[in-house]
Amino acid sequence: MTCLRVRGQTRLTGTVSVGGSKYSALSIIPAALLADTPSTIENVPDISDVAVFAEILRQLGAKVEYTRQGWMTIDPSGLNSWVADQLLVKRMRASYYLLGVLLARFGKAEVALPGGDDIGPRPIDQHLKGFRALGAEASIEHGLVKVQADRLAGNHSIYLDVLTVGATINLMLASVLKEGTTIISNAYRGPFIVDLANFLNAMGARVLGAGTETIRIQGVPKLHGCRHAIISDQSEAATLMVAAAMTRGDVTLLNTIPDHLESIIAKLQEAGVTIDQCEDKIRVRCDRRVSAVNVKTLPLPGFFTDFQAPMSALLTTADGISMVTETIWDERFEHLNQLVRMGAQVRIDGRTAIIQGVPYLTGAEVHGTDLRASAALLIAAMAARGESIVTGFEHADRGYERLDEKFRSLGAQIERLP
Ligand code: EPU
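Residues numbered from 1 in each chain as written. Predicted model: local features only at pLDDT ≥ 70, side-chain atom pairs only at ≥ 80, totals over all residues. Heavy atoms only, no water.

Focus on the overall build of the chain
Rules: The helix count covers DSSP runs of H or I at least four residues long, the strand count covers runs of E at least two residues long, and both are numbered beginning at the N terminus. With C-alpha atoms as the basis for the radius of gyration, the globule rule is written as 2.2 Å multiplied by the number of residues raised to the power 0.38. Per-residue accessibility, obtained with a 1.4 Å probe over protein chains only, is compared with the maximum for each type, and a residue is labelled buried under 20%, exposed over 50%, and partly exposed between these values. We treat Lys and Arg as the positive residues and Asp and Glu as the negative residues; His and chain ends play no part in the count. Note that the charge is assigned to NZ on lysines, CZ on arginines, CG on aspartates and CD on glutamates.
Each helix and strand in the chain was counted, giving 14 helices and 23 strands. Taken against the 2.2 N^0.38 rule, which gives 22 Å for 418 residues, the C-alpha radius of gyration of the chain at 21 Å falls within 12% of a compact globule. Projecting the C-alpha coordinates of the chain onto the three principal axes gives extents of approximately 65 × 45 × 40 Å. Per-residue burial over the chain gives 59% buried out of 418 residues. For the chain, the separation between the mean place of its 42 positive charges and that of its 45 negative charges on side chains is 1 Å.

Considerations on the site of the ligand
Inclusion rule: Put simply, a residue is near a molecule or strand once any heavy atom of it comes within 4 Å of that molecule or strand. As used in this structure description, the phrase polar contact means that two N or O atoms lie within 3.5 Å; if the pair is within protein, one of them must be able to donate a hydrogen and the other to accept it, and residues adjacent in sequence are counted only when both atoms belong to side chains. The protein chains shown are the only cover counted for residues, whose accessible areas, like all others here, come from Shrake-Rupley with a 1.4 Å probe. In this classification, the charged set is Asp, Glu, Lys and Arg, the nonpolar set is Ala, Val, Leu, Ile, Met, Phe, Trp, Tyr, Cys and Pro, and all remaining amino acids, among them Gly, are polar.
Around the ligand sit 26 residues, and of these Tyr23, Val165, Asp306, Ile328 and Arg332 come closest. At a separation of 3.0 Å, an oxygen atom of the ligand approaches a polar side-chain atom of arginine 122. Take valine 165: an N or O atom from its main chain is 2.8 Å from an oxygen atom of the ligand. About the coverage of the ligand: the protein hides 91% of its 820 Å² of free accessible area. At the level of secondary structure, the elements contributing two or more residues to the shell around the ligand comprise helix H1 (22-31), helix H5 (125-133), helix H6 (165-175), helix H10 (305-315) and helix H12 (371-383). Counting residues per element, the shell around the ligand draws most heavily on H5, which supplies three residues. A class-by-class count of the residues in the shell around the ligand yields 13 nonpolar, five polar and eight charged.

A closer look at the domain arrangement of the chain
The criterion, for reference: Residue ranges assigned to the domains are those given by an automatic or database domain assignment. Residues are treated as being in contact if the distance between any of their heavy atoms lies within 4.5 Å. The buried area of a pairing is the accessible area, by a 1.4 Å probe, that goes missing from both parts when the two are put together, added over both. Any Lys or Arg side-chain nitrogen found within 4 Å of a carboxyl oxygen on Asp or Glu counts as a salt bridge.
We note that the domain assignment places domain 1 (3-15 + 233-417) and domain 2 (23-229) within the chain. On a C-alpha basis, the centres of domain 1 and domain 2 stand 31 Å from each other. Listed by partner, the interface residues are 22 residues for domain 1 and 23 residues for domain 2. In this assembly, domain 1 packs against domain 2 so that about 1800 Å² is buried in total across both faces, 47% of it on carbon and sulfur atoms. Looking at the side of domain 1 facing domain 2, the largest losses of area belong to Leu300, Trp329 and Arg398, adding up to 33% of the total buried there. For the pair domain 1 and domain 2, the number of links is three salt bridges. Linking arginine 398 and aspartate 117 is a salt bridge whose minimum nitrogen-to-oxygen distance equals 2.4 Å. Applying the counting criterion to the domain 1 and domain 2 interface returns ten residue pairs in polar contact (both at pLDDT 80 or more). No other element matches the four residues that helix H13 (residues 394-399) contributes to the side of domain 1 that touches domain 2. A per-class count over the side of domain 1 that touches domain 2 returns seven nonpolar, five polar and ten charged.

A short note on the pairing of strand E3 (residues 39-42)
This is how the line gets drawn: Two strands pair under a simple rule: DSSP has to find at least two bridges between them.
Of the two faces of E3, both are covered, the one formed by Ser39 and Ile41 as well as the one formed by Thr40 and Glu42. Of the pairings in the sheet, the one linking E3 to strand E5 (residues 71-75) comprises three bridges and is antiparallel in character. The residue of E5 that forms the bridge with serine 39 is isoleucine 74. Where E3 lies against strand E13 (residues 227-229), three bridges are found, and the strand directions are parallel. By the bridge assignment, threonine 40 is partnered in E13 with arginine 227.

Section: the packing of aromatic side chains
For clarity, the cut-off: Classification of ring pairs rests on two measures: the distance between centres of Phe, Tyr or Trp rings, Trp counted by its six-membered ring, which must be within 6.5 Å, and the angle between planes, read as stacked under 30 degrees, edge-to-face over 60 and tilted in between. Distance and angle both matter: a charge sits over a ring if NZ of Lys or CZ of Arg is within 6 Å of the ring centre and within 35 degrees of the ring normal.
Within this structure, the stated rule accounts for eight aromatic pairs. Relative to phenylalanine 304, the ring of tyrosine 23 lies with its centre 6.3 Å away and its plane at 90°, an arrangement referred to as edge-to-face. In this pair, tyrosine 23 sits in helix H1 while phenylalanine 304 sits in the loop between strand E17 (295-296) and H10, placing the two residues 281 residues apart along the sequence. The side chain of arginine 68 reaches across the aromatic face of tryptophan 71, ending 4.0 Å from its centre. Residue placement shows arginine 385 over the ring face of tyrosine 360; its charged tip is 3.5 Å from the ring centre.

Description of the sheet that holds strand E15 (residues 274-278)
Backbone hydrogen bonds hold the strands of a sheet together, and the pairing may be parallel or antiparallel. Worth spelling out the cut-off: The convention used is that axes are lines fitted to C-alpha atoms, helices contributing only their stretch in contact, and that angles between N-to-C directions extend from 0 to 180 degrees.
Sheet architecture is open: four strands sit in the order E2-E14-E16-E15, paired in mixed fashion. Strands with a single pairing partner mark the edges of an open sheet, and in this sheet they are strand E2 (13-17) and E15. Averaged over all pairs of adjacent strands, the angle between their axes in this sheet comes to 15°, without regard to strand direction. When E15 meets strand E16 (residues 281-285), the two strands line up antiparallel, connected through five bridges. If you follow cysteine 278 over to E16, its bridge partner there is lysine 281.

Some points on the environment of alanine 383
Secondary-structure assignment places alanine 383 in helix H12. The contacts of alanine 383, once residues within four sequence positions are left out, are Gln9, Met246 and Thr247.

Looking at the side chain of serine 81
Structurally, serine 81 can be placed in the loop between E5 and helix H3 (86-89). A relative accessible area of 17% means that serine 81 is categorised as buried. There is a polar contact of 3.1 Å between the side chain of serine 81 and the backbone nitrogen of valine 83. Setting aside its immediate chain neighbours within four residues, serine 81 contacts Leu60, Leu102 and Phe106.

This is how it looks when you write it as structure tokens:
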């Protein structure tokens, strides 16, 4: 377990650069296996999920190397297995993208049910429904997901019953090498979906409409390696913005894409935070207690569920009562239960949290149970009066690139405990 000791009441000031998108990286890294020749991916975030994925690819026979900081080269020419390492697969969620990739490459795949954050039920029925619609057999046996098709060919239309990041990506990956046209309707609309489509198209694929609710894929017989730079991470940017606001700081974020942050910018402004944008820079300033606001998570481009934990942590010290409704995940309020230890006043009623803001939080020992929860607790600890211990920070390391180090560079007093 990774623990942090945090001295509170620090005001974050300065400039910090946002890393590459976790979701882009975790779909583009397996997608590189669809080509015959090596790809170079730039701006790869230095997070533990990426390291685990690199190891899974190596075990499948691919060569994965870091050529310089943030640059990864993947040579798929030695790919020789359609069975992924079970233990590694269970350490992360995105490992299930190997189902789509290996199905496309070998006509079959065996991948254990994936791991990932414990934030309520995480079914994969839409992935399986999609594979079946493409003509494959798909089943779950003894904890293993098995997909198989004698030949993937023909024109297919898949309507997804729910807006899902994972199934949209998996079906894109499974379809690019298939003979014929695939139409994915009610597809997820997110910048990382567009980033993946751009990567696939740079490898020679024909993917149209990514970023809208209808994605049309015209299969091609083969793909070649390419060079691609990953977009910046919107969830990390949102987390840094909230941290600046909660610590009443003045922070400039570099390497952002403000269009991907519209919902968090709007909510922070509604709460009284000053935000200035210029090209890829966003400056966040706050010199007073924020006002209460209501938040409801939605699929992108709505208020992203991954922004909810940091935002609701901020609202525990807002002036007034805020209502936060989480519509995507059943159990994504554990950080609020932990914040009660720091003096937050919160009542959780199903998928809605009613937060009565208090003037300040006080340091305590709190435990992060998932990626965004751990980051939210660290932000609260930096703002609180007194010292806090945040345990479970390994969850944050899975998806944030050296978050504690970035906060230290802005003046935070955080120590990693052995
Ligand atoms: N869903 C289904 N059936 C499916 C797939 C999804 O009912 O087959 C439901 C889910 O239960 C959920 C909703 O659809 O209610 C959205 O699920 P989605 O497939 O979008 O989630 P995911 O792909 O498993 C990714 C991120 C999550 C992020 C969600 C936002 C990865 C590795 N994870 O999860 O990120 O919250 O999209 O929809 O890409 C995080 O990084 O903090 C994190 C948990």
